[in-house]
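Fold and contact review
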Amino acid sequence: MLSIFDEIPARERIIVALDCPRDEALSLADDLRGHAIWLKVGMTLYYACGPSIVSELREKGFKVFLDLKLHDIPHQVRGAAEAAARSGADMLTMHVSGGSAMLEAGRQGALAGSEGRSEGDIVTLGITVLTSMDEPALASVGVPRTPEEQVALLGDVAKRAGISGVVASPREAAALRSIMGDRAYIVTPGVRPKGSEKGDQSRISTPSDAFCAGASHIVVGRPITQAKDPVQAFERICGEIA
Ligand code: C5P
């Protein structure tokens, strides 16, 4: 199924995950300036540096995906999403399993904190099922479904809550695209360009396969950040997709 993202140039659909210490993250950002558009800040970097890392990356001209996977009562999530948007985050994440009231509160908070930016400029994503969870792990916390069934169910919850989209494995992108429609963000990690190390990712797809399956954006970390030449690695992925 086609999506509204299909016409957007590849470099605007690749999010580089900066899972490294602050100095290294800022130096990678300097290298990737003029090439990448999106950078992802996860919990490790954020809890080490605080909100200043978001504003510093924004000042360098990047869009920032702040991946803190919020999950709390709606009042807390509204406040956290507002603060995250105020610090400059352009995209943020919440667990869909927190429920539709929590997702709606997060969406409203993000909007309130994004002063002057339009709703389309602040992207609220739901985390469906962590790729570290398999069927027995779901059963052990009382979820009697396969990961695929649970992702589909949560994709529907996310759509009805009116958030921008979801984070999911590339293998679930096609089903989510048909559930969520052509305007939903479907952001997929677990992507490895041809010939690169898998690292600790087990269920991987190539960038092209992830996009063909319906991803709007892909998240790529170590194949770029640990490459001898991160810019060349980034550009090679852009080329592979084109
Ligand atoms: O280095 P690598 O490309 O494996 O990085 C993938 C990024 O996507 C990491 O920041 C990781 O936390 C994130 N992620 C993931 N799998 C998920 C959700 C997020 O790999 N299910």
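Provided above is the structure to which this section pertains.
The structure reproduced in this document is the subject of the present report. (Residues numbered from 1 in each chain as written. Predicted model: local features only at pLDDT ≥ 70, side-chain atom pairs only at ≥ 80, totals over all residues. Heavy atoms only, no water.)

Quick look at a negative patch on the surface
The cut-off we apply is this: In this scheme, patches are assembled from residues that exceed 30% relative accessible area and form no salt bridge. Like charges are connected within 9 Å, while nonpolar side chains (Val, Leu, Ile, Met, Phe, Trp, Tyr) are connected within 5 Å. Exposure was quantified through the Shrake-Rupley algorithm and a 1.4 Å probe, taking into account, for residues, occlusion by the shown protein chains and nothing else. Whenever Lys or Arg places a side-chain nitrogen within 4 Å of a carboxyl oxygen from Asp or Glu, that contact is recorded as a salt bridge. Charge assignment: positive for Lys and Arg, negative for Asp and Glu; neither His nor the chain ends contribute. Where a charge sits is defined by one atom per residue type, namely NZ (Lys), CZ (Arg), CG (Asp) or CD (Glu). Helix and strand labels come from DSSP, where a helix needs a run of H or I of at least four residues and a strand needs a run of E of at least two; each type is numbered from the N terminus. Remark: exposure states derive from per-residue accessible area (1.4 Å probe, protein chains only) relative to the maximum for the residue type, with buried under 20%, exposed over 50%, and partly exposed in between.
A cluster of like negative charges, contributed by Asp134, Glu135, Glu148 and Glu149, occupies part of the molecular surface. If you trace the backbone, Asp134 turns up in the loop between β5 (123–127) and α6 (135–140). A relative accessible area of 42% places Asp134 in the partly exposed class.

Some thoughts on unusual backbone geometry
The backbone of Lys69 sits at a positive phi, close to 50°, despite the residue not being glycine. On the secondary structure map, Lys69 appears in strand β3 (residues 63–70). Overall, Lys69 belongs to the partly exposed group, its relative accessible area being 24%.

A closer look at the nonpolar core
For clarity, the cut-off: To qualify as a nonpolar core, a set must consist of buried Ala, Val, Leu, Ile, Met, Phe, Trp, Tyr and Cys residues joined through side-chain atoms within 4.5 Å. Between two residues, a contact is recorded if the distance between any of their heavy atoms is within 4.5 Å.
The biggest cluster of nonpolar side chains holds 62 residues, and the ones touching the most others in it are Leu18, Leu32, Ile53 and Leu57. Not counting residues up to four positions away in its chain, the partners in contact with Leu57 are Leu18, Leu26, Ala29, Leu39, Val41, Phe62 and Val64. Counting 13 residues, the second largest nonpolar core, distinct from the first, contains Met91, Val167, Val187 and Val219.

Points about the side chain of Ser205
Checked against the element boundaries, Ser205 lands in the loop between β7 (185–188) and α9 (207–212). Sequence-distant contacts of Ser205, defined by excluding residues within four places in its chain, comprise Pro170, Gly190, Val191, Arg192 and Ala210.

A word on the site of the ligand
Stated formally: The cutoff for a nearby residue is simple: one of its non-hydrogen atoms must lie within 4 Å of the molecule or strand. Counting of polar contacts relies on pairs of N or O atoms within 3.5 Å, with two restrictions inside protein: one atom must be capable of donating a hydrogen and the other of accepting it, and residues adjacent in sequence are counted only when both atoms are side-chain atoms. Residues are grouped as follows: Ala, Val, Leu, Ile, Met, Phe, Trp, Tyr, Cys and Pro are nonpolar; Asp, Glu, Lys and Arg are charged; every other residue, Gly included, is polar.
Surrounding the ligand, one finds Ala17, Asp19, Lys40, Thr131, Pro189, Arg192, Gln201, Val219, Val220, Gly221, Arg222 and Pro223. At 2.8 Å from a nitrogen atom of the ligand is found a side-chain nitrogen or oxygen belonging to Thr131. Residue Arg192 places a side-chain N or O atom 2.8 Å away from an oxygen atom belonging to the ligand. Taken together, the residues that form the shell around the ligand break down as five nonpolar, three polar and four charged.

Examining helix α7 (residues 147–161)
To keep things clear, this is the line we draw: Take the number of residues in a helix, subtract one, and multiply by 1.5 Å to get its expected span. This arc is built from the directions going out from the helix axis to the C-beta atoms.
Between its first and last C-alpha atoms α7 spans 21 Å; for 15 residues at 1.5 Å apiece the expected length is 21 Å, and the two agree. Within the span of α7, buried status applies to Pro147, Gln150, Val151, Leu154, Gly155, Val157, Ala158 and Ala161. Taken around the axis of α7, the buried residues stretch over an arc of 165°, which confines them to a single face. On its buried face, α7 sits against α5 (100–113), α6, β6 (165–167) and α8 (170–180). Positioned one or two residues after α7, Gly162 has a phi angle of 80°, which is positive.

Overview of the pattern of salt bridges
Pairing of side chains with opposite charge becomes possible as their charged atoms draw close. Across all of its chains, the model carries 13 salt bridges by this definition. Among the ionic pairs, Glu56 bridges to Arg22, the shortest N-O distance being 2.7 Å. Taken together, the residues Glu56 in helix α3 (residues 52–59) and Arg22 in helix α1 (residues 22–32) connect sequence positions 34 residues apart. Residue Glu56 is classed as partly exposed on the basis of its relative accessible area, which comes to 22%. Between Arg86 and Glu115 there is a salt bridge, and its shortest N-O distance comes to 2.7 Å. In this pair, Arg86 is assigned in helix α4 (residues 74–87) and Glu115 in the loop between α5 and β5, connecting sequence segments 29 residues apart. Classification of Arg86 as partly exposed rests on a relative accessible area of 44%. Sharing partners across several salt bridges, the network here consists of Arg22, Asp23 and Glu56.

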